[in-house]
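A look at the structure
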Amino acid sequence: MPRSAPGSSSAGHPGPRRDPVPSLLPVPSAGTTGATLLLNATYEPLCVVSSRRAIVLVLAEKAESVDSAPEVVHAETVSLAVPVVVRLTRFVRVPYPASVPLSRRAVFTRDGQTCVYCGGSATSIDHVVPRSRGGTHTWDNVVAACRRCNHTKADRSLAELGWALPHPPRTPSGAAWRLLGTRSVDPRWREWLGMPESVSA
Ligand SMILES: [Zn+2]
């Protein structure tokens, strides 16, 4: 039986991998965000994926459901509670950005949605050393502030006002922060992100 020449057969080459898609997909309801926290096999948070994607991963046995919503999705042969948190069955190595992107949402989250000067509800971000005086737009010089404090402070320094910060603004680090700059956080993700219950996002 003659063997075919190498490369002449297309069989056996997987090509771009397509996951099986459940025939019926979940419709996000009031109880779900439609988003699922994806953990590495080590339980380290990796990223947020759509609930639809998480279901595909679970059905393909690439991930297991760690926490789920009351809603149930029916695929061809199985019923599955919509996953809120899933964990990869195999460890993946992911290169992380060296620093967390500075954004208004991330600053508000770091500072607990409160003004660092008076503890009121934060509505804006403030440059501790005013930009007009060479202050930088960096994590160690940007804080959450209320409108009143921001207006009062204007382009003056803390020393001129006699104000003080409760603690130096720091650059956030850790797994949770890779997720916080871009989206709100499902309360059910908090324990996996190492976030206190009191900090809302
Ligand atoms: Zn204030």
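Structure's up top.
None of the values given here were measured: they were computed from a predicted structure.

**Examining the pattern of salt bridges**
A full pass over the atoms with the stated rule returns 5 salt bridges. Among the salt bridges present, the one from Arg87 reaches Glu64, with a minimum N-O distance of 2.8 Å. Of the two residues, Arg87 is situated in strand β4 (residues 79–88) and Glu64 in strand β3 (residues 63–74); the sequence distance between them amounts to 23 residues. The exposure class of Glu64 is partly exposed, given its relative accessible area of 34%.

**Quick look at the coordination of the zinc ion**
Here the zinc ion is held by the protein donor atoms Cys115 (SG), Cys118 (SG), Cys146 (SG) and Cys149 (SG), which lie 2.3 Å from it. Between the 4 donor atoms coordinating the zinc ion, the angles at the centre fall across 101 to 117°, so the site counts as tetrahedral. Using a relative accessible area of 40% as the deciding quantity, one classes Cys118 as partly exposed.

**Here we look at the sheet that holds strand β1 (residues 35–39)**
Taken together, 4 strands build an open sheet; the order of strands is β2-β1-β4-β3 and the sheet is mixed. The open sheet is flanked by β2 (45–50) and β3, the only strands paired with a single partner. Between one strand axis and the next, the sheet turns by 30° as a mean value, whatever way the strands run. Two strands pair when backbone bridges link them, and β3 and β4 are joined in this way by 8 bridges, in the antiparallel orientation. By the bridge assignment, Ser68 is partnered in β4 with Pro83. Strands in contact with helix α1 (residues 51–59) are β1, β2, β3 and β4; relative to β4, the strand with the most contacts, it is inclined by about 90°.

**A closer look at the nonpolar core**
Counting residues in hydrophobic clusters, the biggest one holds 23 residues, and the most contacted among them are Leu37, Leu38, Ala63, Val85, Val86 and Trp189. Mapped by element, the contributors of at least two residues to this core are β1, β2, α1, β3 and β4. Here this core gets 6 residues from one element, more than from any other, and that element is β4. Listed in part, the 9 residues of the second largest apolar core include Val116, Tyr117, Ala145 and Cys149.

About the cut-offs
- Residues numbered from 1 in each chain as written.
- Predicted model: local features only at pLDDT ≥ 70, side-chain atom pairs only at ≥ 80, totals over all residues.
- Heavy atoms only, no water.
- Salt bridge = Lys/Arg side-chain N within 4 Å of Asp/Glu carboxyl O.
- Helix = DSSP H or I, 4+ residues; strand = E, 2+ residues; numbered from the N terminus.
- Buried < 20%, exposed > 50% of the residue type's maximum accessible area, 1.4 Å probe, protein only.
- Donors = N, O, S within 2.8 Å, 3.2 Å for Na, K, Ca; no water.
- Tetrahedral: all angles 85-135°; square planar, octahedral: opposite > 155°, others 65-115°.
- Pairing = 2+ DSSP bridges.
- Axes fitted to C-alpha atoms, helices over the stretch in contact; angles between N-to-C directions.
- Contact = heavy atoms within 4.5 Å.
- Core = buried A, V, L, I, M, F, W, Y, C linked by side-chain atoms within 4.5 Å.

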